[in-house]
Amino acid sequence: MAIAQDAYFIPDDIATGLATGIYRRIGSVVRWATGPNKGQIVKHLKPIDLPAAEQVQGVGAKALQFVKQHKKGTIIVVASAVAVGAGAWVCNKVKKHEPKVVTEFRASLKSYIDAIRKGEMDIDKINNLMSSLEALKADKLFKNQYSAYIRRT
């Protein structure tokens, strides 16, 4: 008598349910083991091609073996990649950093526009916007960056 075993791909949520006893598997069919849905089908598992899966595992093993044989080169490559990534992240943060007066102006402008849309305008929102605009105009960094625009307005 020949014995045939099939391999199935089991998603993480189904595997968790099987491990905790919520589901039970009979062949390729996963059913509820407990609760009001007991016995109802949850999912039909799809068989996988075992030689292809073993080949993928073989590629991973070969990659791990390569890393073990070339430790110094791998460390240099990983360290340089981390340095480049960290440098790009820092550069991006510095470029996109806005002064506090700009973020306060954006917040007061958003509040002002929201009040207009909702019909809830009051004098406090107008005064808040005007004071944040004056603080923005008085900021030295903002003046240096947008001096041509400020002269036109």
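About the cut-offs
Residues numbered from 1 in each chain as written. Predicted model: local features only at pLDDT ≥ 70, side-chain atom pairs only at ≥ 80, totals over all residues. Heavy atoms only, no water. Phe/Tyr/Trp six-rings, centres within 6.5 Å; stacked < 30°, edge-to-face > 60°. Buried < 20%, exposed > 50% of the residue type's maximum accessible area, 1.4 Å probe, protein only. Pairing = 2+ DSSP bridges. Helix = DSSP H or I, 4+ residues; strand = E, 2+ residues; numbered from the N terminus. Axes fitted to C-alpha atoms, helices over the stretch in contact; angles between N-to-C directions. Salt bridge = Lys/Arg side-chain N within 4 Å of Asp/Glu carboxyl O.

A.B. asks: I'd like a description of the packing of aromatic side chains, backed by residues and values.
C.D. replies: Per the counting criterion, the structure on display carries one aromatic pair. Ring geometry for tyrosine 23 versus tryptophan 32: centroids 5.1 Å apart, planes at 75°, classification edge-to-face. Overall, tyrosine 23 belongs to the buried group, its relative accessible area being 16%.

A.B. asks: An account of the sheet that holds strand E4 (residues 41-44) is requested, with residue identities and associated values reported.
C.D. replies: Taking strand neighbours across the sheet as the criterion, the three strands line up as E2-E3-E4 in an open arrangement whose pairing is antiparallel. Strand pairing shows two members of the sheet lacking a second neighbour, strand E2 (23-26) and E4, which therefore form its edges. Averaged over all neighbouring strand pairs, the angle between strand axes comes to 25°, with direction disregarded. Two elements, E2 and strand E3 (residues 29-32), share four bridges in a ladder whose sense is antiparallel. When the bridges of E3 are listed, arginine 25 appears paired with valine 30.

A.B. asks: So, the pattern of salt bridges: which residues are in play, and what are the values?
C.D. replies: Close approach of charged atoms lets side chains of opposite charge pair. Per the stated rule, a full pass over the model turns up three salt bridges. The salt bridge involving lysine 100 is made with glutamate 104; its shortest N-O contact spans 3.9 Å. Within this pair, lysine 100 and its partner glutamate 104 are both found in helix H4 (residues 100-118), separated by four residues, close to a single helical turn. On the basis of relative accessible area, lysine 100 is assigned to the exposed category, the value being 63%. One salt bridge in this structure joins aspartate 114 and lysine 110, with 3.1 Å as the shortest N-O distance. Here aspartate 114 and its partner lysine 110 are both found in helix H4, four residues apart, which amounts to about one turn of the helix.

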